[in-house]
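Analysis of the macromolecular model
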Amino acid sequence: MPTPSRRFDALPPYPLAGMKEVRRRLESEGVDVIDLGAGDADLAPPPAVVERLREVAGDPRFSRYPFQLGLPEFREEIAAWMERRFGVRLDPWEEILPLIGSKDGIAHLPLAFLNPGDVAVVPDPGYQAYVGGVVLAGGDPHRVALLPEHDFLVPLGELPAEVASRTRLLYLNYPNNPTTATAPDAYYREAVAFCRERDAILVHDHAYSELAFNGYRPRSVLEFDEAREVTLEFHSVSKTYNMTGWRLGWVAGDRRLVAALSRVKSFMDTGQFLGVQAAGVAALQSWATWVPDNVRTFERRRDVAAEALGRAGFAVTVPRATMYLWIPIPHGGPSGPFARRALEEEGVIVMPGAALGAGGEGFFRVALTVAEERLLDAAGRLGRLL
Ligand SMILES: Cc1ncc(COP(=O)(O)O)c(C=O)c1O
């Protein structure tokens, strides 16, 4: 076997190694496994989305290379939606770029901006594409633990001066996966100022911008004064429209930053299928008539699961956004063995906090990706572990 590169060797270990085999074995033995692991709901996309894909799938114009331009109507619809939703006006041709899921842009961005020794500040626990992209680009990830005592925010004022001065990318994600935390306006202002002072880029991962409850409406960083020049905000249709497998998202922000990411991607991919981008137009157009009901489904699941897990003996904080519950492991203890017991003894898959970074140790994540009865069943089973 040829020796892997140093970058490859620096990737974090695969956290859930072995779990797939256990699941397969249990299912072959007839165990009804409930999967609350990945953030990948069991719900259908909007009917208009499916219909639009059907309409264009046989049209040869949609079968050609999309390139980085993509479908012009998709760019225009994104700009219109960003204005409706956040009051932010963007040039569809220069301040927006369609992505093959937001992960595509999040993970490739460091290739455009990091030299060896440059730092990317990444939240820990966090979506693993941040660390992966930084490491593969030869950059230096600086992991910052997200702690309850800091409201799960990255405490920017506490970064060592030597780290702050080398920071080129600051990854933030609110509403946050996995902690479910949200960020107040003052924090966004502080993050913008931090990046402006250092000529760093505020990489805001907004995958959960629409999955918010009880009337809470997350804001875009681009709404804040002087943010645009230093910001790239990543959006996704995955969670909002139950379209994880369709692989569609976009980035919005400063035109020079967008152009740099587009140039990197032009050497690596040729864009998402135009038919999927046409379906994305239908998704964005269906926001008002379709998204609120879908969000209510997650809200009911949240309430049912939080209540049942609380009754079972877990200390559950009811989140005001995302599709997750972030729960301390009762009586402490490491998250990996807890998750393994949950699967092996009770047939429930949860995400051990440590799988999302060492800062997630001591917690586990429940994804609200199955129906209410299944969540109740899972809560009962997890309670038996205590
Ligand atoms: C925080 C966060 N960002 C980004 C993504 C990626 O989404 P996409 O499907 O658009 O690549 C996910 C998916 O789980 C996520 O949890």
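The paragraphs below set out a description of the structure included in this document. (Residues numbered from 1 in each chain as written. Predicted model: local features only at pLDDT ≥ 70, side-chain atom pairs only at ≥ 80, totals over all residues. Heavy atoms only, no water.)

**Overview of the packing of aromatic side chains**
Counted according to the given criterion, the structure contains 15 aromatic pairs. Here tyrosine 65 and phenylalanine 67 contribute two aromatic rings whose centre-to-centre distance is 5.4 Å and whose plane-to-plane angle is 45°, an arrangement assigned as tilted. When the ring of tyrosine 174 is compared with that of tyrosine 187, the centres are 6.0 Å apart and the planes differ by 80°; the resulting orientation is edge-to-face. You can see tyrosine 174 sitting in the loop between strand S5 (167–172) and helix H8 (185–198) and its partner tyrosine 187 sitting in helix H8, a full 13 residues away along the chain. Taken together, Phe74, Trp81, Phe86 and Trp250 form an aromatic cluster joined through their ring pairs. Sitting over the ring of tyrosine 216, arginine 320 keeps its end group 3.8 Å from the ring centre. (Phe/Tyr/Trp six-rings, centres within 6.5 Å; stacked < 30°, edge-to-face > 60°. Helix = DSSP H or I, 4+ residues; strand = E, 2+ residues; numbered from the N terminus. Lys NZ or Arg CZ within 6 Å of the ring centre and 35° of its normal.)

**Some details on the site of the ligand**
Neighbouring the ligand are 15 residues, the closest being Asp205, Tyr208, Ser236, Ser238 and Arg247. Within the contact set of the ligand, an oxygen atom lies 2.7 Å away from a side-chain nitrogen or oxygen of lysine 239. Expressed as a share of its isolated accessible area of 390 Å², the protein-covered part of the ligand is 93%. Classifying every residue of the shell around the ligand by side-chain character gives five nonpolar, six polar and four charged. (Near = heavy atom within 4 Å. Polar contact = N/O pair within 3.5 Å; in protein donor to acceptor, adjacent residues only side chain to side chain. Areas by Shrake-Rupley, 256 points an atom, 1.4 Å probe, with all protein chains shown as cover. Nonpolar A, V, L, I, M, F, W, Y, C, P; charged D, E, K, R; others polar.)

**As for helix H2 (residues 19–28)**
Residues separated by three or four positions in an α-helix point in the same direction, a consequence of the helix having 3.6 residues per turn. Of the residues making up H2, those classed as buried are Met19, Val22 and Leu26. Axial view of H2: buried residues confined to an arc of 60°, hence all on one face. Within H2, the exposed residues directed more than 90 degrees away from the buried face are Lys20, Arg24 and Ser28. In this fold, the buried residues of H2 make contact with helix H12 (335–346). Just downstream of H2, glycine 30 is the residue with a positive phi angle, here 90°. (Buried < 20%, exposed > 50% of the residue type's maximum accessible area, 1.4 Å probe, protein only. Arc of directions from axis to C-beta. Contact = heavy atoms within 4.5 Å.)

**With respect to the sheet that holds strand S9 (residues 324–328)**
A sheet is described by the order of its strands in space; here three strands give the open sequence S9-S12-S11, paired in antiparallel fashion. Every other strand in the sheet has two partners, leaving S9 and strand S11 (351–352) as the edge strands with one partner each. The pairing of S11 with strand S12 (residues 363–367) spans two bridges and is classified as antiparallel. Pairing of proline 352 across the sheet is with phenylalanine 364, part of S12. The strands touched by helix H11 (residues 287–311) within the sheet are S9 and S12, with S9 carrying the most contacts at an inclination of about 15°. (Pairing = 2+ DSSP bridges. Axes fitted to C-alpha atoms, helices over the stretch in contact; angles between N-to-C directions.)

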